[in-house]
Amino acid sequence: MRRRKSDEMTMTRGDDQIRVHVGNEGLSPLIAGPAHRNLALVEDAFGVAARAQGGDIVLSGADPVALEQAGEAICGLITRAGSGEGLSLADVRAAISFVRAGANVSANAISLPGRRSGIKPRTPTQALYLEALTSGDNDLVFGVGPAGTGKTYLAVAVGVGMLLEGRVAKVVVTRPAVEAGERLGFLPGDLEEKVDPYLQPIWDAFKALLGAAQLERRKAAGEIEVAPLAFMRGRTLSDAFVIVDEAQNTTRMQMKMLLTRLGEGSRMAVNGDPSQVDLPRSSDSGLAHALAILRKVRGLQIVTFSRQDVVRHPLVGRIVEAYEAQDRAVEEPATPVQVPKSQGFDVEAQMDDPRWIAALGADVQAFAGAVTAQVDEFFEHRGEGFAALFTSDEAVKALNAQWRGQDKATNVLAFPAPDTAGTLGDIALAYETCAKEAAEQGKSLKDHATHLLVHGLLHLLGYDHAADDDAAEMEGLEKDILARLSIANPYVHHV
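Residues numbered from 1 in each chain as written. Predicted model: local features only at pLDDT ≥ 70, side-chain atom pairs only at ≥ 80, totals over all residues. Heavy atoms only, no water.

Enquirer: What should I look at first to understand the sheet that holds strand 7 (residues 170–174) in this one?
Expert: Think of a sheet as strands paired side by side through backbone hydrogen bonds, with each pair either parallel or antiparallel. Within the open sheet, the six strands sit side by side as 8-7-9-10-6-11. Their pairing is parallel. Strand pairing shows two members of the sheet lacking a second neighbour, strand 8 (224–226) and strand 11 (300–304), which therefore form its edges. With direction set aside, neighbouring strand axes in the sheet form an average angle of 15 degrees. As judged from the three bridges shared by strand 7 and strand 8, these two strands associate in the parallel manner. Within the sheet, the bridge partner assigned to V171 lies in strand 8 and is I224. Here helix 5 (residues 124–134) sits on the sheet in contact with strand 6 (140–144), strand 9 (240–244), strand 10 (267–272) and strand 11, set at roughly 165 degrees to strand 11. (Pairing = 2+ DSSP bridges. Helix = DSSP H or I, 4+ residues; strand = E, 2+ residues; numbered from the N terminus. Axes fitted to C-alpha atoms, helices over the stretch in contact; angles between N-to-C directions. Contact = heavy atoms within 4.5 Å.)

Laid out in structure tokens, this is it:
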């Protein structure tokens, strides 16, 4: 005989049988569940037979490992029931999940004032996620995996706990409104009314944790804030717990912008499912890109959930599994297919300064795509991408000062990424400088911007003009590319 969990609860092993003495006979019906449904879950999970007998739970089976695991799960349920907490089917499944993973069933919980019981993880991955969010070792935590795994609810619970403890001054929630194209200006209502439909899962979690009255008070006081992605640019979020939900629908530039908002005393939870991208092109997802290039950055942690962590109806896990199997089948077709050549580098264009519209049109993505498609004709395409920002002298000056120690604006800035980053890098064009140069050289601003975009992209591809020979090669390639766009040699008029 050996004692487990408490002095009252004991577990005795025999031949093909384990007998768990509950200690408090009043708990036996709770452990067994209505119509012994809890025991039925244990039976199905471990392939054993289970029955309630007086104050004992008797388990029998031929596999000693499965028998031992079933006993551990029952002990975990007894511990939970003995603490005065309820015992739902979800709790039974959680105990089974922890035992299967070889983890401690009695994982740490988040205690919130006014709640009778703490917020407990229901799977080992949830426990790992809670530990990452609360340990203080990482100020940025990515929660990655399918819907229904509790990522959002647990992040909100941690944020609320930190707010109530006074460890942060506010909780900021944000989520891309992909269906509205992030163009929220023409929807009716104020900012909160426009964004609320996309943030409803988060508000539901807040309401469950705080109650409707306290939630409204804290929203009014600015302690809980709605911050859609379209309104996050330029902010520094200090002394805050930031939750980015549905992050797979951020673009690369949006993700970079969000991550660089993190201020002093703040923590950020970024949640998403890379397999559920709603952007026009899944390759544009800022979440997948960030996971690829930030994996080894100190101060952040990535926690990956799987279908085994789905804590909704058990059928949801099986549905996720079926879709994953289908995705694998699509990725590995039975017969070879011809993949058409890409129509250009994967460019993500953004216009921060509306003065560019007069020269380039409102669809800056189409402009950048048409230019880079011609550059692509001169190179073996390897699927690289880059970001192009059409902005102002002020923004370029700030970038130049921050990254190059030069307190001035320039016509184009190119920031090549490391070879392992999965992207070529970033390009920024300054409106005032480009417009002034175009006027001085007697050319249209669109033609000048086209040249500078090509020039910047060639820098990202490794070309330079520091030495005369290198400059001649780069200029010759620029002339050939621009000729395909019906633009004359830009260096004839260059001053």
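Enquirer: Please clarify how the sheet that holds strand 14 (residues 412–416) should be interpreted in this entry.
Expert: On the basis of which strands lie adjacent, the open sheet formed by four strands has the order 12-13-15-14 and mixed pairing. Since the sheet does not close on itself, it has two edges, and those belong to strand 12 (346–351) and strand 14, each with one partner. Each strand axis lies, on average, 15 degrees off the axis of its neighbour in the sheet, ignoring direction. Here strand 14 runs beside strand 15 (residues 425–430); their pairing, made up of five bridges, is antiparallel. When the bridges of strand 15 are listed, F415 appears paired with D426. Its contacts with the sheet place helix 15 (residues 431–441) against strand 13 (385–391) and strand 15, and it is angled at close to 60 degrees to strand 15.

Enquirer: Mind showing me how you'd approach the side chain of K151 here?
Expert: As for its placement among the helices and strands, K151 is situated in helix 6 (residues 151–164). Buried K151, no salt bridge; nearest opposite-charge side chain is D273, N-O distance 6.4 Å. From its side chain, K151 meets the backbone oxygen of P146 in a polar contact 2.9 Å long. Within polar-contact distance, the side chain of K151 engages the side chain of T149 at 3.1 Å. The contact partners of K151, leaving out residues within four places of it in the chain, are Y129, G143, V144, G145, P146, N271, G272 and F305. (Buried < 20%, exposed > 50% of the residue type's maximum accessible area, 1.4 Å probe, protein only. Lys, Arg positive; Asp, Glu negative; His and termini not counted. Salt bridge = Lys/Arg side-chain N within 4 Å of Asp/Glu carboxyl O. Polar contact = N/O pair within 3.5 Å; in protein donor to acceptor, adjacent residues only side chain to side chain.)

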